[in-house]
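What the coordinates show
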Amino acid sequence: MSKKWIVLLSLAGSVVAIVLILMWTLFALSSVSVQFHSTINRLTLSQQEIVDAGGFRYGACVFFESKKASEQKIENKASESANFAYLRVINIETVFPNKFIIHVAEREELFAVENGGQTLICDRDFRVLDIKTSSENKQGEPILLTGLEFSKSNIQIGDFLDVKQEAMLKFYSVMLQNNRDLSQQLGKFKEISLGTYQDELTKKEYVSMTITTFQGQQYVVKNPEFAFANKMQLLFAAESALFNSTTDAYGNILDGDGDVIYVKEENGIYLPAEQAEAGTVALTHELLAQCSLVVDNLTLDPNVERTEKDIYYCLAKK
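Presented here is an overview of the structure given in this document.

Turning to the sheet that holds strand E6 (residues 128-132), a few remarks are in order. Taken together, 12 strands build an open sheet; the order of strands is E6-E5-E4-E7-E8-E9-E10-E14-E15-E12-E11-E13 and the sheet is mixed. Across the chains shown, the open sheet's two edge strands, defined by having one partner strand only, are E6 and strand E13 (280-282). Strand after strand, the sheet turns through a mean of 30° between neighbouring axes, direction not considered. With nine bridges joining them, strand E8 (residues 189-198) and strand E9 (residues 205-213) adopt antiparallel strand pairing. The residue bridging Glu191 from the neighbouring strand is Thr212, located in E9. With respect to the sheet, helix H6 (residues 228-243) is in contact with E8, E9, strand E10 (218-222), strand E14 (291-297) and strand E15 (311-317), its orientation differing from that of E14 by roughly 145°.

Here you go:
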């Protein structure tokens, strides 16, 4: 071997040695801390308990440590200790050269799911945070949720429910998209009941979501799997236009231009009408009290192109 190759190999070996030394010294994990990103109401964990649950290997190179594995270990700790059920790991940040920061938040109670003689208190991800014998169902308390389908084998605190009606997993984010934060959701919605219905034309079965508010209104969102965010936007717009509107001297509800709102009944369904004509009636609060506000989409036929704008609202007799 020539002197040139010996020199080159020696240099390469030296570079590799230096890199390895740096990795196991300069980049060796030396500390892990915790940063909270929410108000703490129910968490009783210390920062050290959270760090210990991650099973971090101090002294190991930060480039080769699996942060996802540590996140999962912390999340899975709830199966051993109920105190971890309320903990949400947002992510683990690497602070160069040799530190980790665990970003966490407290999971918030959103649903009270009926399960036989128990009530499962769940967050937006349907993680079971607590198990009670009953739910108070008061404003500010978790929303009573009935009709939810999920596996029911030996449910424990810390488990995630494998929800069949997948639209419910989007409920929280859809409400945020429509400017309804957690406190507004808990203050407005008293109960959500899930069921099914069959499309008259296609005979396909879809999920139906019936929402009851603390103000006594009833809203029905049909097929929330399709255009859920748009349907809720339309529902809130219709709610504002109908329930928060002014009336004339005869009790007729007026639109934004001060004109009477007319509806036309067809088989128990009241559809908006352009003007007073044969078969139409003026909308009143008395009539509203007898109806549910329904949001639906046009029939989803594979032979017809539909978009998320192909939705409408109507009033249906309760």
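In this section: the layout of surface pockets. In this structure, the largest pocket spans a volume of roughly 460 Å³. If you trace the largest pocket, you find 19 residues lining it, with Asp199, Glu200, Lys222, Asp296 and Tyr312 closest to the centre. The class makeup of the residues in the lining of the largest pocket is 11 nonpolar, four polar and four charged.

The next thing to look at is the side chain of Asn297. Position of Asn297 relative to the elements: it lies in strand E14. A relative accessible area of 8% places Asn297 in the buried class. In this structure the side chain of Asn297 is engaged in a polar contact, spanning 2.6 Å, whose partner is the side chain of Lys231. If we ignore the near neighbours within four places in the chain, the residues touching Asn297 are Lys222, Asn223, Phe226, Lys231, Asp310, Ile311 and Tyr312.

Where a strand is regular, its side chains alternate between the two sheet faces. Going residue by residue along strand E7 (residues 143-146), you find Ile143 and Leu145 tucked away on one face and Leu144 and Thr146 tucked away on the opposite face as well. Sheet topology places strand E4 (residues 111-115) next to E7; three bridges connect them, and they run parallel. Along E7, the bridge assignment pairs Phe111 with Ile143. With three bridges connecting them, E7 and E8 associate as parallel partners. Bridge assignment links Leu144 to a residue of E8, and that residue is Glu191.

One pass over the structure, following the stated rule, counts 14 salt bridges. Its salt-bridge partner being Arg57, residue Glu65 comes within 2.6 Å of it at the nearest N-O pair. Overall, Arg57 belongs to the exposed group, its relative accessible area being 52%. One salt bridge in this structure joins Lys188 and Glu239, with 2.5 Å as the shortest N-O distance. With Lys188 in helix H5 (residues 182-188) and Glu239 in helix H6, the pair connects residues that are 51 residues apart, well separated along the chain. Lys188 sits in the buried class, given a relative accessible area of 16%.

Together, Phe63, Phe64 and Phe96 make up a nonpolar patch on the protein surface, roughly 360 Å² of accessible area in all. Residue Phe63 is classed as partly exposed on the basis of its relative accessible area of 43%.

The three strands are arranged E1-E3-E2 in an open sheet whose pairing can be described as mixed. Strands at the two margins of the open sheet, each flanked by one partner only, are strand E1 (31-36) and strand E2 (87-95). Looking at each pair of strands side by side, their axes are set apart by 25° on average, direction ignored. When E2 meets strand E3 (residues 99-106), the two strands line up antiparallel, connected through eight bridges. Looking across to E3, one finds that Thr94 is bridged to Phe100.

The next thing to look at is the packing of aromatic side chains. Scanning the entire structure with this criterion turns up eight aromatic pairs. A centroid spacing of 5.9 Å and a plane angle of 35° characterise the contact between Tyr197 and Tyr206, whose relative ring orientation is tilted. Per residue, the accessibility class of Tyr197 equals that of Tyr206, and both read buried. One aromatic cluster in this structure is built from Phe111, Phe126, Phe171 and Phe189. Across from the ring centre of Tyr197, 4.9 Å away, lies the NZ or CZ of Lys222, which sits over that ring.

Before going further, it helps to spend a moment on the pairing of strand E5 (residues 118-122). For E5, a buried count of four out of five residues is recorded, marking the element as mostly surrounded by other parts of the structure. Two strands pair when backbone bridges link them, and E4 and E5 are joined in this way by five bridges, in the antiparallel orientation. In the sheet register, Val113 faces E5, and the bridge partner there is Leu120. As paired strands, E5 and E6 are joined by four bridges and run antiparallel to one another.

Definitions and cut-offs
Every chain is numbered independently, its residues counted from 1 as its sequence is written. Where totals are concerned, whole chains, interfaces and linings use all residues; where local detail is concerned, this predicted model gives features only for residues with pLDDT of at least 70, and gives and counts side-chain atom pairs only at 80 or more. Only heavy atoms go into the side-chain values, all of them from the structure, while hydrogens and water stay out. Strand pairing is defined by DSSP finding a minimum of two bridges between the two strands. Secondary structure elements follow DSSP: runs of H or I of four or more residues count as helices, runs of E of two or more count as strands, with numbering from the N terminus. Helix axes are fitted to C-alpha atoms over the stretch in contact, other axes to C-alpha atoms as well, and angles between N-to-C directions run from 0 to 180 degrees. We call two residues contacting when some pair of their heavy atoms lies within 4.5 Å. Buried and open spaces are told apart on a 1 Å grid over the protein atoms alone, a cavity being a set of points where a 1.4 Å probe fits but cannot get out and a pocket being an open set with protein on both sides within 12 Å along at least five of seven lines. Residues with an atom within 4 Å of a point are the lining residues. Grid points are joined across faces, edges and corners, and a volume is the space filled by probe spheres set on the points. The residue classification treats Ala, Val, Leu, Ile, Met, Phe, Trp, Tyr, Cys and Pro as nonpolar and Asp, Glu, Lys and Arg as charged. All others, Gly included, are polar. Per-residue accessibility, obtained with a 1.4 Å probe over protein chains only, is compared with the maximum for each type, and a residue is labelled buried under 20%, exposed over 50%, and partly exposed between these values. Any pair of N or O atoms that falls within 3.5 Å is considered a polar contact. Within protein, one atom must be able to donate a hydrogen and the other to accept it, and sequence-neighbouring residues count only if both atoms are side-chain atoms. Criterion for a salt bridge: a side-chain nitrogen of Lys or Arg within 4 Å of a carboxyl oxygen of Asp or Glu. Residues enter patches when their relative accessible area tops 30% and they take part in no salt bridge; the joining distance is 9 Å for like charges and 5 Å for the nonpolar side chains Val, Leu, Ile, Met, Phe, Trp and Tyr. Shrake-Rupley sampling with a 1.4 Å probe provides the accessible areas, and residues are treated as covered by the protein chains on show and by no other component. Two aromatic rings from Phe, Tyr or Trp, using only the six-membered ring of Trp, form a pair when their centres are within 6.5 Å; if the ring planes differ by under 30 degrees the pair is stacked, by over 60 it is edge-to-face, and anything between is tilted. Placement of a positive charge over a ring is assigned whenever Lys NZ or Arg CZ falls within 6 Å of the ring centre and within 35 degrees of the normal to the ring plane.

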